[in-house]
Amino acid sequence: MSTQLSNMFDTSVYEEACGYISGRVKESFGERKPIAGVILGSGLGGLADVIESSLVIPYSDIPHFPQSTAVGHKGNLIFGMLGGKFIVAMQGRFHYYEGYEMRQVTFPVRIMKLLGIDYLFVSNAAGGVNYDYRVGDLMIIRDHINLMPNPLVGKNNDRFGPRFPDMTRPYDRTLIAKAEEVAERLGYSLKKGVYLAGTGPTYETPSEYEYFRRIGADAVGMSTVPEVIVARHSGIPVFGMSVITNEAHHFADDFVNDGDDVVKAANEAAGRMTAIFTGILESL
Ligand code: HPA
């Protein structure tokens, strides 16, 4: 095992990163703890632009923090106000398909836990395998199917949570109800479904999409579930939302999946997703 990886078992690594960040937050805002962490998916970084009085900390400034490489992802931790609440947003996440270890993919969630968040909001771009889903739809994640390696494999860090965490309610029902209220007020219609996470980086074959549909998935992507598992391990209530960026059913003869189209479709939906997240935060 590499030194870096074995170090990541060690709570002091999380504490060093957290200590650096807390110092920067204190300089800008005094003693202040974010109520929520927000992880922004591919093409959804626009939410960061509406965070007020923000402090932007590049990942490269933070000890032990990985760097993001994926298309449509910047690498900043952003502190500031959204929906009248003090939050921290991750503009750019770490994907398993980039070659990161699961401990690195989920490292920021543990940092946010140590920073004191009470809620985690996650977002992603996803392929809609449900026949009713269309490009641009927003889906509340009500459950997930994990087909990635589990990020909690290995020695348990009891500081964060138990060896065998419960997963019967991965997505918080109160937050889902609030999202539905906000959407109704704004006149948005939302889907609600099951997100399936695969490793990527390939998009799926038509038969794989069909397989995922048959086992109960409504949407499929390459992220989010590792972070949700690690958040639930340490008891953080989670709200998740997918933006449907491609219709993974009824393929036209000349159809191909393309990362640029995914980012473009996500960009177009980012404003609506931001409005939902903002509305939920207002109600907390
Ligand atoms: N499959 C996997 N990940 C994705 C997709 C997809 O069809 N669309 C956006 N992210």
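Only a predicted model underlies this, so the values are computations on that prediction, with no experimental measurement involved. (Residues numbered from 1 in each chain as written. Predicted model: local features only at pLDDT ≥ 70, side-chain atom pairs only at ≥ 80, totals over all residues. Heavy atoms only, no water.)

S.K.: Tell me about the packing of helix α2 (residues 11-29) against helix α4 (residues 107-115), and name the residues and values.
M.R.: For the pair α2 and α4, the least separation of the axes is 9 Å and the interaxial angle reads 60°. Considering their axes alone, α2 and α4 lie oblique with respect to each other. The two elements α2 and α4 meet at a crossing, and its hand is right-handed. Residues Val13, Tyr14, Glu15, Ala17, Cys18, Ile21 and Ser22 of α2 pack against Phe107, Arg110, Ile111, Leu114 and Leu115 of α4. (Axes fitted to C-alpha atoms, helices over the stretch in contact; angles between N-to-C directions. Helix = DSSP H or I, 4+ residues; strand = E, 2+ residues; numbered from the N terminus. Parallel < 35°, antiparallel > 145°, perpendicular 65-115°, else oblique. Left-handed = near helix turned anticlockwise from the far one by under 90°. Contact = heavy atoms within 4.5 Å.)

S.K.: Please give an account of the site of the ligand that cites residues and values.
M.R.: Around the ligand, the surrounding shell consists of Ala125, Ala126, Gly127, Tyr203, Glu204, Tyr209, Val220, Gly221, Met222, Thr245, Asn246 and Val262. Between the ligand and the protein, one listed contact pairs a nitrogen atom with a side-chain N or O atom of Glu204 at 2.7 Å. For the ligand, whose free accessible area comes to 260 Å², the fraction covered by protein is 96%. Mapped onto the shell around the ligand, the elements with two or more residues apiece are β5 (119-128), β8 (219-221) and β9 (238-247). At three residues, β5 tops the list of elements feeding residues into the shell around the ligand. Within the shell around the ligand, the residues separate by chemical class into seven nonpolar, four polar and one charged. (Near = heavy atom within 4 Å. Polar contact = N/O pair within 3.5 Å; in protein donor to acceptor, adjacent residues only side chain to side chain. Areas by Shrake-Rupley, 256 points an atom, 1.4 Å probe, with all protein chains shown as cover. Nonpolar A, V, L, I, M, F, W, Y, C, P; charged D, E, K, R; others polar.)

S.K.: If you had to explain helix α6 (residues 206-214) to someone new, which residues and values would you point to?
M.R.: Within α6, the full set of buried residues consists of Tyr209, Phe212 and Arg213. Looking straight down α6, one finds that the buried residues subtend no more than 100° of arc, so they occupy a single side. Among the exposed residues of α6, those pointing more than 90 degrees away from its buried face are Ser207 and Arg214. Packing partners of the buried residues in α6 comprise β7 (191-197), β8 and β9. At the C-terminal side of α6, Gly216 shows a positive phi close to 110°. (Buried < 20%, exposed > 50% of the residue type's maximum accessible area, 1.4 Å probe, protein only. Arc of directions from axis to C-beta.)

S.K.: Lay out the nonpolar core with the relevant residues and their values.
M.R.: With 82 residues, the main nonpolar core has Ile21, Leu77, Phe79, Ile87, Leu120 and Phe239 as its most contacted residues. Sorting elements by how many residues they give to this core places helix α8 (residues 259-283) first, with nine residues. (Core = buried A, V, L, I, M, F, W, Y, C linked by side-chain atoms within 4.5 Å.)

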